[in-house]
Amino acid sequence: MKKPTLYLGKFKQYDKVFITAENGIDIKNVTSVAFEGETLYIAQPDCLFEYTDGKAKKINTKVTKLFSRNGTLFASVGNFLAEIKNGKVKKIAEFDSPVTDVSYGLDNSLWLITQTALYLKNESEFTRIVGIPENTTCLAAKDNVSSYAETVYIGCPEEGLMSMKGKRRHWAELIPSITGALSKKVNCISLDGLGHLWVGSDEGLNIYDGRNYWFNGNDVYSVPDGAFNDMCFTADGKKYFATNTGVVTLIEGKISYFSYGTWLMHPTVTKIAVSANGTIAAVTPRGISLISHTYMTLEEKAAHYDEMADKYFCRNEGYQVSRSLKKYGDLESGWLPNSDNDGLFTGVYVASQCFRYAVTGDEQAKQFAKKGLEAMIKLTEVTGKPGFTARATRYSHEPEFGTENREEWHICEDNPDCEWLGETSSDEMTGHYFAYGLYYDLVANNEEKEKIAKVVKAITDHIIDNNFHLTDVDGIPTTWANWEPDLLNNDDRWYYERGTNSLEILSFLKTAYHVTGDEKYNKVFDMLISKHHYAMNCMQYKCEDGHVAHIDDQLDFVNIYPLIMYTDNEAQKEIFKIGLTHHWAYERTERSPYFNIVYGALTNNFCDIENAAKSLAEMNMDTIRWPIFNSYRKDIVWDTEQEEMGIPAQLKYPVEYSARVLVHYDGNPFVCDSGAEEFVDINSKIVNRTSTLPGTAGANGMRAMMPYIYLLPYWMGRYYNLLGD
């Protein structure tokens, strides 16, 4: 069956910048924000700021409040209503007290309230209509009905929601106890294009038909509970809300969230504004988030990550590592420490560039792949022990040189300014074999193929000669690099690794045969299957674990690819595909682009390619591991299966990539909240009680994850024609 190619086309890609006190703005005293075109104006009691192109300019005008209405930017300046145009403030009308709110009716009538009264503009004059209760904060006017005008509403924190009524104009209270109103503490109101009144209060969101019919947040799917502080409706009906748990949008019938960490510096959003192009300005106690979007294709997004990977994540000779940041959320402030898995992560990055080169023929992709490959080969050469591969290297100019576990760090014999890390794991070998096979197939010239064959032969011979272990320079097998049949099959302590490690060694052997042509590796492969049932071990290599341990998930999807690709025996392939299908079905709920695309590449089955593309489109542009806060959301479903293992409940279905904790494919995407202890109770000691749960704590905006999480599935999807753009 030929699977169809998905062409996603251009999608809306969001990004943001934070405006803070570093921009010269007193964030705690911001009263309002509004746009004129794409220029943001920020008001605080003593002055006005104009923010554009990343710079804030102070305008010495005391603007109390800003109101963007029907394409006009109004301001309250003392007792005057003013208009702001091209940075100029022009006073247009004077009142007895400052203007509090402005509203255009659906018939284009212009209304406003001051601290004391309601006014309607008639031709060029504003006419006082009626007084208003003290502390009234918001106004919504439907139209100018001369006889009764029940379609004008005001709201205040004490008196609640009121509607103007009668020939003798007065205010009728819409009391919560006898109407559908949620609360008397009304923070914001607005009318939609159909004349429905939307009411934001400290208890949530109401929708009112103007007579006796009410919707509330429980009637509108997934609208969060809690305070709604401000709202903004655009001319085309899109709705944006500022709440105590972030920004909520209602666009094309879909509720979306911009929450703390990834998008906001604090969960509480007090004011909100939206530009003509859809840029959101959200005011929080710690800063203003300017959330913008552009339209791009998946390939354009890949170009962004390809550049990032080389600029921010390439360490020393060419190793790909996560970036530690010295300043919250600032990639430029970062540095690159070594990891325990330099070979694994460099390997999956090299694989992405091999697929990219095969798809595009881009010489840059070839150079990036070659650089990473050479760095990986050095990890095997540097130890001085044939076939034994180091985890990482580092140099004397690096801050941690000469520290940590000195039993495992070794000074290079031929270079005292370099040291290498031993105690190498099976994870490392997974990355090496994966990259070597793909580079050999898609990039290498004859000389490079000989070099790859030589290093793969050395590693594989070392493993076989040491009874299927990696044996360190001290002669002791390393902790995790165990593929020995007796231990995997007969020692209960290796039960959870049985399937994964069987899969690994079979994959390594097939790769070794593929690049060397040496038949002995096929013979060892067949022996492990016939005498030690390693193929049967692979029939259900994934141990179902309540979705709490994810380290092996990435390894398995990396290893299954060369195993199936390089196995010629169709009957054997079918056995391995049983294991792959079981694993993918179990992980399908993650919407992992990598897992889905590997499954699609290796089988003739549908692989949820739309969800893979959706996940790629949702990934944030900066790859920073921001704090996340999702437990307030009403669309989440909790899973308590993990509590039997002493682990707190987590999400049954991960949220969208733009709101989940950003982890590599060995991390836990089911985490609901992380790094948000200030706002929600998170017992980090319990959540992160074991090293098998990476990604469950420590999301603090001080680390950036490697872009291979986008690049590998994207370029692999392109190579197999699963993705078309």
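In what follows, the structure referred to is the one given above.
Rules used in this analysis
Residues numbered from 1 in each chain as written. Predicted model: local features only at pLDDT ≥ 70, side-chain atom pairs only at ≥ 80, totals over all residues. Heavy atoms only, no water. Helix = DSSP H or I, 4+ residues; strand = E, 2+ residues; numbered from the N terminus. Buried < 20%, exposed > 50% of the residue type's maximum accessible area, 1.4 Å probe, protein only. Contact = heavy atoms within 4.5 Å. Lys, Arg positive; Asp, Glu negative; His and termini not counted. Charge placed at Lys NZ, Arg CZ, Asp CG, Glu CD. Axes fitted to C-alpha atoms, helices over the stretch in contact; angles between N-to-C directions. Parallel < 35°, antiparallel > 145°, perpendicular 65-115°, else oblique. Left-handed = near helix turned anticlockwise from the far one by under 90°. Nonpolar A, V, L, I, M, F, W, Y, C, P; charged D, E, K, R; others polar. Disulfide = S-S within 2.5 Å. Pairing = 2+ DSSP bridges. Patch = residues over 30% accessible without salt bridge, like charges linked within 9 Å, V, L, I, M, F, W, Y side chains within 5 Å. Areas by Shrake-Rupley, 256 points an atom, 1.4 Å probe, with all protein chains shown as cover. Salt bridge = Lys/Arg side-chain N within 4 Å of Asp/Glu carboxyl O. Polar contact = N/O pair within 3.5 Å; in protein donor to acceptor, adjacent residues only side chain to side chain. Expected span 1.5 Å × (residues − 1).

(A) Examining the overall build of the protein chain more closely. Along the backbone of the protein chain there are 15 helices and 39 strands. For the protein chain, buried positions account for 59% of its 725 residues. Considering only contacts within the protein chain whose residues lie at least 6 apart along the sequence, 59% involve residues at least 24 apart. Positive and negative charge centroids in the protein chain, built from 71 and 99 side chains respectively, lie 6 Å apart.

(B) Molecular detail of the packing of helix H4 (residues 426–442) against helix H5 (residues 446–465). With their axes 10 Å apart at the nearest point, H4 and H5 run at an angle of 150° to one another. In terms of orientation, H4 lies roughly antiparallel with respect to H5. Seen along the crossing, H4 lies across H5 with a hand that is left-handed. Taking contact as the criterion, the partners of Met 429, Tyr 433, Tyr 436, Tyr 439 and Tyr 440 in H4 are, on H5, Glu 448, Lys 449, Ile 452, Val 455, Val 456, Ile 459, Thr 460 and Ile 463. Classifying every residue of the contact of H4 with H5 by side-chain character gives ten nonpolar, one polar and two charged.

(C) Main features of the state of the cysteines. For the structure on display, the rule yields zero disulfides. Cys 354 supplies the cysteine sulfur nearest to Cys 314, a cysteine that is in no disulfide, at a spacing of 15 Å. Residue class for Cys 314 comes out buried when judged on its relative accessible area of 18%.

(D) Highlighting the pairing of strand S5 (residues 55–59). Where strand S4 (residues 47–52) and S5 come together, five bridges link them in antiparallel fashion. From the neighbouring strand, Phe 49 faces S5, where its bridge partner is Lys 58. What sits between S4 and S5 in their antiparallel hairpin is a turn of two residues, with Asp 53 showing a positive phi close to 55°.

(E) Representation of a negative patch on the surface. Taken together, the side chains of Glu 544, Glu 641, Glu 643 and Glu 644 make up a negatively charged region of the molecular surface. Residue classification places Glu 644 among the exposed positions, given a relative accessible area of 75%.

(F) Summary view of the side chain of Lys 510. Along the polypeptide, Lys 510 turns up in helix H7 (residues 498–516). One buried charged side chain, Lys 510, makes no salt bridge at all; its nearest oppositely charged neighbour is Asp 526, positioned 5.6 Å away.

(G) Region of the structure containing the side chain of Arg 315. Checked against the element boundaries, Arg 315 lands in strand S29 (residues 314–315). Among the polar contacts made by the side chain of Arg 315, one reaches the main-chain carbonyl oxygen of Leu 336 at a distance of 3.5 Å. Here Arg 315 is in contact with Val 321, Leu 336, Pro 337, Asn 338, Asp 342, Thr 393, Arg 394 and Glu 398, once residues within four sequence places are set aside.

(H) Summary view of the pattern of salt bridges. One pass over the structure, following the stated rule, counts 35 salt bridges. Note that Arg 315 and Asp 342 form a salt bridge whose closest N and O atoms lie 3.2 Å from each other. Here Arg 315, found in strand S29, pairs with Asp 342, found in helix H2 (residues 342–360); they are 27 residues apart in sequence, far enough to count as distant. Across the pair Arg 406 and Glu 419 runs a salt bridge whose closest N-O atoms are separated by 2.8 Å. Here Glu 419 lies in strand S34 (residues 415–421) and Arg 406 lies in the loop between strand S32 (392–395) and strand S33 (409–412), a separation of 13 residues in the sequence.

(I) Inspection of the sheet that holds strand S25 (residues 254–258) at higher detail. One open sheet accounts for four strands, arranged S22-S23-S24-S25; its pairing is antiparallel. The sheet terminates laterally at strand S22 (228–233) and S25, the two strands that pair on one side only. On average, each strand axis in the sheet is inclined to that of its neighbour by 20°, with strand direction left out of account. Relative to strand S23 (residues 239–243), S22 runs antiparallel, the two being bridged by five bridges. Residue Phe 228 lies in a different strand from S23, and its bridge partner there is Thr 243.

(J) Structural context of the packing of helix H3 (residues 363–381) against H5. At a closest axis distance of 11 Å, the pairing of H3 and H5 adopts a crossing angle of 35°. Our pair here, H3 against H5, has a crossing hand that is left-handed. For the pair H3 and H5, the contacting residues are Lys 370, Leu 373, Glu 374, Ile 377 and Thr 380 in the first and Glu 448, Lys 451, Ile 452, Val 455 and Ile 459 in the second. When grouped by side-chain class, the residues that make up the contact of H3 with H5 number five nonpolar, one polar and four charged.

(K) Quick peek at H4. With 17 residues, H4 extends 25 Å between its outermost C-alpha atoms, agreeing within 8% with the 24 Å of an ideal straight helix rising 1.5 Å per residue. When you tally the buried positions in H4, you get 16 out of 17 residues, the bulk of the element. Two or three places before Asp 427, at the opening of H4, Ser 425 has a side-chain oxygen 3.2 Å from that residue's backbone nitrogen.

(L) Quick look at unusual backbone geometry. Of note in this structure, Asn 70 is not a glycine but carries a positive phi near 50°. By the secondary structure assignment, Asn 70 is in the loop between strand S6 (63–69) and strand S7 (72–77).

(M) Structural context of the pairing of strand S28 (residues 287–296). Strand direction decides the pairing type here: strand S1 (residues 11–19) and S28, joined by nine bridges, are antiparallel. Pairing of Phe 11 across the sheet is with Met 296, part of S28. As paired elements, strand S27 (residues 280–284) and S28 share five bridges and run antiparallel to each other. Of the residues in S28, the one forming a bridge with Val 283 is Ile 288. Following S27, the chain reverses through two residues before pairing antiparallel with S28.

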